[in-house]
Amino acid sequence: MNQEPLDTILELDGEERFDYFLDTVIEERDIWILINADNRFLKIVSDDDDVAYLPVWPSESFAAQYAGDAGGLRPKRLSLPEFFNKWVPGLTKDGLEIGVFPGTDGTLWITSPTDLKNDLQNEMASL
């Protein structure tokens, strides 16, 4: 994917990026996160409302662009079965939300792991 389409999609509002995320993840069957050299995933704690969340992306290229050159972060692929069976229960147990597809405007869609799983399963069922 070249830079122009990435930027165009990143400039969509949070709801439009959420819809793009669902469509792409259903098509590709993968979710992308960022991890460091110690295989620890990126977790962000919002200053505004003290919400801790795992940011997720619909493709490796979006995750890599977000990581940029900072902190040695690299994209990691999670298959949908792995996400549903391992990550959703783990994130729920740890009290972490999911920040879906951060955009250039700093907005993102915050949802619970269970709600994202349900949204993805509903999208798959409607195909």
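To start, this report covers the structure provided alongside it. (Residues numbered from 1 in each chain as written. Predicted model: local features only at pLDDT ≥ 70, side-chain atom pairs only at ≥ 80, totals over all residues. Heavy atoms only, no water.)

1. Details of unusual backbone geometry
And step 1. For Arg29, which is not glycine, the phi torsion reads 65° and is therefore positive.
And step 2. Checked against the element boundaries, Arg29 lands in the loop between helix 2 (14-28) and strand 1 (30-35).
And step 3. Take Arg29: its relative accessible area is 38%, and that puts it in the partly exposed class. (Helix = DSSP H or I, 4+ residues; strand = E, 2+ residues; numbered from the N terminus. Buried < 20%, exposed > 50% of the residue type's maximum accessible area, 1.4 Å probe, protein only.)

2. Re the nonpolar core
Buried together is how nonpolar side chains tend to be arranged in soluble globular proteins.
And step 1. Phe21, Phe83, Leu116 and Leu120 are the most contacted members of the largest nonpolar core, which totals 36 residues.
And step 2. Here this core gets six residues from one element, more than from any other, and that element is helix 4 (residues 80-94).
And step 3. Setting aside anything within four residues of it in sequence, one finds Phe21 in contact with Ile31, Val56, Trp57, Pro58, Val100, Phe101 and Leu116. (Core = buried A, V, L, I, M, F, W, Y, C linked by side-chain atoms within 4.5 Å. Contact = heavy atoms within 4.5 Å.)

3. Brief notes about the side chain of Thr111
And step 1. Positionally, Thr111 belongs in strand 6 (residues 109-111).
And step 2. For Thr111, a relative accessible area of 8% corresponds to the buried category.
And step 3. Non-local contacts of Thr111, meaning those with residues more than four positions away in its chain, are made with Glu97, Ile98, Val100 and Leu116.

4. Considering the sheet that holds strand 5 (residues 97-100)
And step 1. Pairing within the open sheet is mixed, and its four strands lie in the order 2-3-5-6. Because the sheet does not close on itself, it has two edges, and the strands there are strand 2 (44-45) and strand 6.
And step 2. Here strand 2 runs beside strand 3 (residues 52-56); their pairing, made up of two bridges, is antiparallel. Following the sheet pairing, Ile44 is matched in strand 3 by Tyr53.
And step 3. Helix-sheet contacts for helix 5 (residues 113-125) involve strand 5 and strand 6, and the interaxial angle to strand 5 is about 50°. (Pairing = 2+ DSSP bridges. Axes fitted to C-alpha atoms, helices over the stretch in contact; angles between N-to-C directions.)

5. Some words on helix 4
And step 1. Between its first and last C-alpha, helix 4 extends 20 Å over 15 residues, near the 21 Å set by a 1.5 Å rise per residue.
And step 2. Along helix 4, the helix axis deviates most sharply at Trp87, where the bend reaches about 35°; the proline Pro89 sits within four residues downstream.
And step 3. Positive backbone phi, at 75°, marks Gly95, one or two positions downstream of helix 4. (Expected span 1.5 Å × (residues − 1). Bend = angle between axes of the 7 residues up to and from the residue.)

6. Observations regarding the packing of aromatic side chains
The description of an aromatic ring pair uses the distance of the two centres, along with the angle that the planes make with each other.
And step 1. One pass over the full model with this rule turns up seven aromatic pairs.
And step 2. Considering the side-chain rings of Tyr20 and Phe62, the 6.0 Å spacing of their centres and the 85° angle between planes classify their relative orientation as edge-to-face. Of the two residues, Tyr20 is situated in helix 2 and Phe62 in helix 3 (residues 60-67); the sequence distance between them amounts to 42 residues.
And step 3. Its relative accessible area of 22% is what places Tyr20 among the partly exposed residues.
And step 4. A ring pair is formed by Tyr20 and Phe101, whose centres lie 6.0 Å apart and whose planes are at 40°; its orientation type is tilted. You can see Tyr20 sitting in helix 2 and its partner Phe101 sitting in the loop between strand 5 and strand 6, a full 81 residues away along the chain.
And step 5. Overall, Phe101 belongs to the buried group, its relative accessible area being 0%.
And step 6. Chaining the aromatic ring pairs together yields one cluster made of Tyr20, Phe62 and Phe101. (Phe/Tyr/Trp six-rings, centres within 6.5 Å; stacked < 30°, edge-to-face > 60°.)

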